[in-house]
Amino acid sequence: MILGIDVGGTHTDAVLLNDRFEVVESAKVLTNPDNLIDSFREATSRILNGENLKNLERIVLSTTMSTNAIVQNRVDRVGMILAGGPGLAPEMLRINEDVHFISGYVSHRGLEVAGIDDGEVLEAAERLKAKGIRHGGIVGKFSTRNPGLELRIGDLIEKDFDHLSFGHRMSGNLNFPRRIATTYLNAAIWRIYNRFVDGILRFVEEIRATAPVYILKADGGTSEIRQSAKYPVGTILSGPAASIMGILSLENGKQDAIALDIGGTTTDIALFADGVPLLEPFGVTIEGRKTLVRGLRTRSIGVGGDSRVRWEKGELRIGPERDGPAMAFGGPFPTPTDAMILLGLTKIGNRNKAREAMALLAEEAKTTPDETARIVYEKACRMIAGAVREVLEEINNKPVYTIHEILEGKTIDPKILYVVGGPAGAMAPKIGDLLSCPSRLPEYSEVANAIGTALARTTTEITLLADTEKKILTIVEEGVQQSIPGRFSREDALFICRERLLERALKMGAREEDLVMEIIEDQEFNMVRNFYTTGKNIRIKAQIKPGLIAHRNAGAPS
Amino acid sequence: MTGKEKKTGLVFFPAFDWAISPTHPEREERLLYTQDQVFEEGLLDLGNIIEYKPGLATKEDVERIHICVPDVDHVTTESHMISAGGAITAAEKVLEGEVDSAFALVRPPGHHAMRVVHGARGFCNINIEAVMIEHIRRKYGHRRIAVVDTDCHHGDGTQDIFWHDPDTLFISLHQDGRTLYPGSGFPEEFGGPNALGTTVNIPLPPRTSEEGFLYVLDRLILPVLDDFKPDLVINSAGQDNHYTDPITDMQFTAQGYARLNDRLSPHIAVLEGGYSVETALPYINVGIILAMAGLDYSHVKEPDYDPEKIRQSADITRYIERLCENIYGLWQRRDEEKKKLRKEGEFIRRSRSIYYDTDHISEEQTEQVRICDDCGGLLTIDSRANYSTRIFAVVIPGRSCPACRKRGEDIYHARSRGDGPYDHIYLQDRDRDIYLVK
C-alpha cells in the first residue's frame, strides 16, 4: 500500500492506495500554515492504523514548505562568494547585499584561466562571519565544466559556516545568473527544510512505520526525503507538480493534452506531450528569480472562480486580484463564480446573492443581470483559452539549433483538455469549445494531488561532458571528473551516462522497475585546431522521465 | 555605451548538424562555444533580449536577388535557406516594431555570394543579407539601406549585387586584398556608372588594432552614413578580424567589436565569417549582443586579452589616417567622378573572371548596364562556368524607369527565342516580382 499526502495551502489531503492503485482510504483536513508537520500528522492518523501500517510500502509527501519559506521570506541570510571572471557586469549579478566577487575563473572549455587568491577568499569569509552569517553559497562561472575552483573555495572556508551550497551541484545546465539564484535559494532554505525533514522522520518513527519516505519535487518526480535534504531547492514549486501528476494519475493518457487547474485566484496551465508532462527548458522561476531547478512547465494566470470582476474605463476586468469569496458565499465583490451560479452552471451558493452581484455590474453594461452573467462567464473562459493558446504558441516556436529539428518541426497538438478545480465542471465545456478540443473532468479530482503524489516516480538527470582533447570526463551533478583515453567514443559516453544515471536514481530511492530512462541530449563535435582534428567534444544528458510508478503485479495496465 | 537599454532580438541558429566538410572552418563546432558562453552568461534571460526561431527562406526570396544556375535547388541546401531565413526573421522583428534591433547569429555565411550563383565561393552559396534586403523591400516597401561589412574579407558578393543600386550603400572594411582572399575591395571599386559612390571600400593593413578600426568608424564610416541618410543600417558582422583568427592577420578584439557595434548602432546585424571558434567568437558575440541591447559590455574580455601586445604600430596609424582622408575625399567627389565615368553609348560593359574557391568553378562573366539617371539601370549578364554551361540573364531593377523596363522586356523576348548559344535565359523583374527561366 502507498500513502500519499499533499499538504496544500488550504487543505491537506491523504489517500491510501492498494496494490491496484485504487483509493481505499482518503482524508481531508485543514492545513495549519504555522505547523505543516501537524497537518501531516493529522491527515495521516485519520487513515493509518495498526493494520494497514504493516502493509505500507511507501509514504510520499508533497508540500509547499520550501515555496512558502521563500515567498514569505522566512529564510536564512546567505553569504555568496562568486568567481565570475569577465562577462556580464558584476552589478547585474548582485543577488543580495552579502555578495563577494573574488578573482579566479574557468573558461567554457573548463580551463582554469585564473586561480583564486586565498587571502581574498578568507577575507570575504571573515567579513560574512562578522555579520553573523552562517550559510554560504559558492558559485563559479562555468563551474559545471570544472568544479575545482568552487571546491577549493569550499575547503578554505568550510570551518566558518554551518552549511555551504555549491553551484555545480545544483544542475548540469549552463547559466551563471540562474546558478547564483539557485545556490542562494538552496542555502537560504537549507536549515528550515532540514528541520522539517527531521520533524517528518521523527513522526514516522513515532508511529513505527518502516516504509521509506519520499517527497515530491518541482519536476513531478520524487526523491527519498533524506536525499532531498541536501538539495532542498529541488522541492520548490512542487504544488503545481502535484496537481499535474494528479491529472496524470487519474487519466494516464498517451496523447498531447492540456491540463488546467482552475482555482479561486489563479488558473494553472500545463501541457503533456504524448502523455508526458513538459519540463521548463532551463528551470523554474520563483518570486521573479529564475533558477536552474528542473521543474514542470506551468503557467499561472490571474483568473479564477473568485477573481474580482469590475468595470474599468468601459471595460470589463476579471482579476488578477481576489478580494474574498464570491458574493453568493458572502463575499464583497462580484466574481465569475457568481456568474456561473446565476447561469445555472453550478448548484452551489446563494443564487439570489449571485443575481445581486451581476445586477451590480449590469447597470454599467445597460443590460440584464442574466446577460451580464453570460458576458462575465464568456470573458473568463476566453481569458483562460487565450492564455492556453499563448503557451502553445510559445512552446511550438521554441528555438531549435539543428536543421533536422527545424525541418521535422514536432509541435504539440492537444487532443484533450483535462480540467480540475472548483469551477471545472462549469467552465470546461466552454473552454474546450474555444480551443476546439474535447474536455474531461477526471474522477476523484478532489484528492487528485494526493493520488498524483503517491504514484509519482523518482526522477533525476545527469549531464556528461567528455573532452577527448583534454582527456577529461565530467559528470558535474555527481562531482565526478576523471581521465579518459583519447579514443573514448560517444558509445562509451552513452554507456557511462546510463550507468551513472541508474546509480543516482537508485540512491535517490527509485525502484528498479521505474527507471524509465531517456537520453535528452546527445551531441558529438569534432574539435579542429589548425585544420587538424584534435579531439571530440561529447555532450550527453540523460534523465529518468517524470511519470507514474509501475504496478507491482505483472500484466496490469501501467 | 549608450546607457539606454534597447529591446534586441536574437536569432540563434548554430546548425549543429551541418558542415562543408568535417575539418572545414565552416563546420558543426563553429558556434558551439558561442552557445556555451551566451547560455552561461544568461543573456537569453535578460528582459530586453528576445530569442526567435529562424524562418525558412523560400525559393522566391532567393530568386529576387540571385540568378542560380541551373536553379535554386542545385546550389543550396536546407542550411542556406535557414540561414537566410534567420536573417529575414531578424529583419521582420525590427520592421514590425517588436524589437529595436536584431542579431542573426546564423551560419553558413553569405557575403561572398554574387548575383550569379554557379556554386559556393568563400564558404558562401547565397547572400543572406541581400536576400534579406530584397525581402524587406518586397514586404515593407522601398527602403534606403546601408550595409556595413566588418568581416575581415572583402564582401565581394554583396558588392557585386548592389554595385548598380543607388539606394543601397555598401561599405566594406577588411584586410587589404593584396594580403587576403578574395583579393579585391580597393578604394577604386566605387560602384557602377549609375550608382557611383554607393560602394565604399576600406582596405586596412594587416595588424590593424582596436584604435585603427574605431578611427575608420568615427572618421569615415559614420560621416558617410550621415551623408547617405539610410532608413536602415545593417552590419555584416564577420568576426575574423580578431587577433586569434586562424586565417587572417588582424588585431581586433571583443571589446573593439562591442564598441564598434555600439557606435554604429545597426538595426540588424548578421553574422558572417569568423573562425576562431574557441578563443574569439564566444567573447565577441557576447560583446555584440550586450552592445546591441544597450547593456554594459565593459567587462567582456578574452582570457588572454592584453592591449599592449596587440597595439598597432605608429606606421599603421598614419597609413589609416591618410587612407580615410583619401576615401572621404573620393566620397565627396562622387558626383563629378560619375560624370567622368560615363562614355558615349547606351550601355557600359564590364567583363570579369570569377573563381569559386569552395567549389572550384571558374566563371567568365560579361555584364552590361544601361546608363540611366532614373533608376539603377537595366542589366544584362552573359555568364559561362567551367567553359561549359552558359547563361544569359536580364535583370530589371526595383523602381525601374519605363525605358529600362521596355528595353529589358524586348531583350528578354528576343533572346528567349532560343537560337542563341545559351543553356538558359533568365528574367529577373524585381518590380513585378517575376522570375522566368527558359
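None of these values were measured; they are calculated from a predicted model.

What counts, and where the lines are drawn
Residues numbered from 1 in each chain as written. Chains lettered and ligands numbered in written order. Predicted model: local features only at pLDDT ≥ 70, side-chain atom pairs only at ≥ 80, totals over all residues. Helix = DSSP H or I, 4+ residues; strand = E, 2+ residues; numbered from the N terminus. Rg over C-alpha atoms; globule rule 2.2 N^0.38 Å. Contact = placed C-beta atoms within 7 Å. Buried ≥ 20, exposed ≤ 12 C-beta atoms within 10 Å, placed from the backbone. Pairing = 2+ DSSP bridges. Core = buried A, V, L, I, M, F, W, Y, C linked by C-beta atoms within 7 Å. Axes fitted to C-alpha atoms, helices over the stretch in contact; angles between N-to-C directions. Parallel < 35°, antiparallel > 145°, perpendicular 65-115°, else oblique. Left-handed = near helix turned anticlockwise from the far one by under 90°. Nonpolar A, V, L, I, M, F, W, Y, C, P; charged D, E, K, R; others polar. Domains from an automatic or database assignment. Expected span 1.5 Å × (residues − 1).

Q: Any details on the overall build of chain A? Residues and values, ideally.
A: Of regular secondary structure, chain A possesses 15 helices and 27 strands. In terms of overall size, chain A behaves like a compact globule, its C-alpha atoms giving a radius of gyration of 25 Å where 558 residues would be expected to give roughly 24 Å. Viewed in the frame of its principal axes, chain A has a C-alpha envelope of about 75 × 60 × 55 Å. Residue pairs in contact within chain A that sit at least 24 positions apart in sequence constitute 64% of those at least 6 positions apart.

Q: I'd love a proper account of the overall build of chain B, names of residues and values included.
A: The helix and strand tally for chain B stands at twelve helices and 16 strands. In terms of C-alpha radius of gyration, chain B reaches 21 Å, essentially the compact-globule figure of 22 Å for 438 residues. C-alpha atoms of chain B, sized along the principal axes, occupy 65 × 45 × 40 Å. Sorting the 438 residues of chain B into buried and exposed places 58% on the buried side. Long-range pairs, those at least 24 residues apart, make up 73% of the contacts in chain B with a sequence separation of at least 6.

Q: So, the environment of Asp323(A): which residues are in play, and what are the values?
A: All names here are of chain A. Positionally, Asp 323 belongs in the loop between β20 (315-318) and α9 (336-342). Sequence separation of Asp 323 and Pro 442 is 119 residues, and the distance between their C-alpha atoms is 29 Å. If we ignore the near neighbours within four places in the chain, the residues touching Asp 323 are Arg 308, Pro 332 and Phe 333.

Q: Can you tell me about the pairing of strand β13 (residues 379-385) of chain B, naming the residues and giving the values?
A: Walk down a regular strand and you will see the side chains alternate between the two sheet faces. Residues and elements named next belong to chain B. Counting buried residues along β13, seven of its seven residues qualify, which places the element largely inside the surrounding structure. Neither face of β13 is left uncovered, since the one carrying Leu 379, Ile 381, Ser 383 and Ala 385 and the one carrying Thr 380, Asp 382 and Arg 384 both have all their residues buried. Here strand β12 (residues 361-370) runs beside β13; their pairing, made up of seven bridges, is antiparallel. Directly across from Glu 367, in β13, lies its bridge partner Ile 381. Relative to strand β14 (residues 390-396), β13 runs antiparallel, the two sharing six bridges. Looking at β14, one finds that Thr 380 is bridged to Val 394. Hairpin remark: β13 followed by β14, antiparallel, with four residues in the connecting loop; positive phi at Asn 386, about 50°.

Q: Provide a residue-level description of the nonpolar core, including the pertinent values.
A: Counting residues in hydrophobic clusters, the biggest one holds 132 residues, and the most contacted among them are Leu61(A), Ala259(A), Val419(A) and Ala454(A). The dominant element in this core, judged by the number of residues it contributes, is helix α6 (residues 176-206) of chain A, at 13 residues. Among all residues touching Ala454(A), those that are not within four sequence positions of it are Ile2(A), Leu3(A), Gly4(A), Val15(A), Leu17(A) and Val60(A). Phe103(B), Val117(B), Cys124(B) and Ala237(B) belong to the second largest nonpolar core, which has 131 residues in total.

Q: Outline the packing of helix α1 (residues 36-47) of chain A against α6(A), supporting the account with residue identities and numerical values.
A: All names here are of chain A. Running from N to C, α1 and α6 point in directions that differ by 25°, and their axes come no closer than 10 Å. Taken together, the axis directions place α1 and α6 in an arrangement best described as roughly parallel. Taken as a pair, α1 and α6 cross one another with a handedness that is right-handed. The residues of α6 that touch α1, namely those facing Ile 37, Phe 40 and Arg 41, are Phe 196, Gly 199, Ile 200 and Phe 203.

Q: I'd like a rundown of the interface of chain A and chain B, residues and numbers included.
A: Taken together, the contact between chain A and chain B spans 36 residues of the former and 37 residues of the latter. Of all elements in the fold, only α6, α12 (403-408), β26 (517-529) and β27 (532-544) of chain A reach the threshold of two or more residues within the side of chain A that touches chain B. Tallying contributions element by element places β26(A) first for the side of chain A that touches chain B, with five residues. A breakdown of the residues in the side of chain A that touches chain B according to their chemical character gives 19 nonpolar, twelve polar and five charged.

Q: Quick rundown of the domain arrangement of chain A? Include the residues and the values.
A: Segmentation of chain A into domains returns domain 1 (2-71 + 193-245), domain 2 (78-188), domain 3 (254-443) and domain 4 (457-544). Computed from C-alpha coordinates alone, the two centres of domain 3 of chain A and domain 4 of chain A are separated by 41 Å.

Q: Can you explain the sheet that holds β27(A)? Please cite residues and give values.
A: Residue and element names in this part refer to chain A. Ordered by their spatial adjacency, five strands build an open sheet running β25-β24-β23-β27-β26, and the pairing between neighbours is antiparallel. At either end of the open sheet lies a strand with only one pairing partner, and these are β25 (480-483) and β26. Between one strand axis and the next, the sheet turns by 10° as a mean value, whatever way the strands run.

Q: So what about the domain arrangement of chain B? Which residues, and what values?
A: Where interface size is given, it is often the accessible area lost as the parts come together that is meant. Residue and element names in this part refer to chain B. Taken as a whole, chain B is organised into domain 1 (8-334) and domain 2 (344-437). Counting residues at the interface gives 24 residues for domain 1 and 30 residues for domain 2. Tallied by class, residues from the side of domain 1 that touches domain 2 come to eleven nonpolar, seven polar and six charged.

Q: Could you give an account of helix α8 (residues 254-264) of chain B, naming the residues involved and the relevant values?
A: Residue and element names in this part refer to chain B. The element α8 is extensively covered by neighbouring structure, given that eight of its eleven residues are classed as buried. By the burial criterion, the buried members of α8 are Ala 254, Gln 255, Gly 256, Tyr 257, Ala 258, Arg 259, Leu 260 and Asn 261. Buried positions along α8 lie against α7 (210-228), β9 (232-237), β10 (268-271) and α9 (281-292). Positioned one or two residues after α8, Ser 265 has a phi angle of 50°, which is positive.

Q: For the pairing of β20(A), give the residues involved together with the corresponding values.
A: All names here are of chain A. Where strand β19 (residues 309-312) and β20 come together, four bridges link them in antiparallel fashion. Its bridge partner lying in β20, Glu 312 is registered against Glu 315. Here β19 folds back onto β20 in antiparallel fashion, the turn holding two residues, of which Lys 313 has a positive phi close to 50°.

Q: So what about helix α5 (residues 128-140) of chain B? Which residues, and what values?
A: All names here are of chain B. Taking 1.5 Å of rise per residue, the 13 residues of α5 would be expected to cover 18 Å, and the 18 Å separating its terminal C-alpha atoms lies within 8% of that figure. Those residues of α5 that fall on the buried side of the exposure criterion are Ile 128, Glu 129, Ala 130, Val 131, Met 132, Ile 133, Glu 134, His 135 and Ile 136. One or two steps after α5, the chain reaches Gly 141, where phi turns positive at roughly 90°.

Q: Give me the lowdown on unusual backbone geometry, citing residues and values where you can.
A: Across the chain, the bulk of peptide bonds are trans and the bulk of non-glycine residues have phi less than zero. Here Gly319(A) and Pro320(A) are connected by a cis peptide whose omega angle stands at 0°. For the bond running from Val69(B) to Pro70(B), omega is -5°, close enough to zero to count as cis. Considering the arrangement of structural elements, one finds Pro70(B) in the loop between β3 (67-68) and α3 (72-75). Although it is not a glycine, Asn175(A) adopts a positive phi angle of roughly 145°. As for its position among the elements, Asn175(A) is in the loop between β10 (163-166) and α6. With 23 C-beta atoms counted inside 10 Å, the residue Asn175(A) sits in the buried group. Of note, the phi angle at Asp433(B) is positive, near 55°, even though the residue is not glycine. Mapped onto the secondary structure, Asp433(B) falls in the loop between β15 (424-429) and β16 (434-437).

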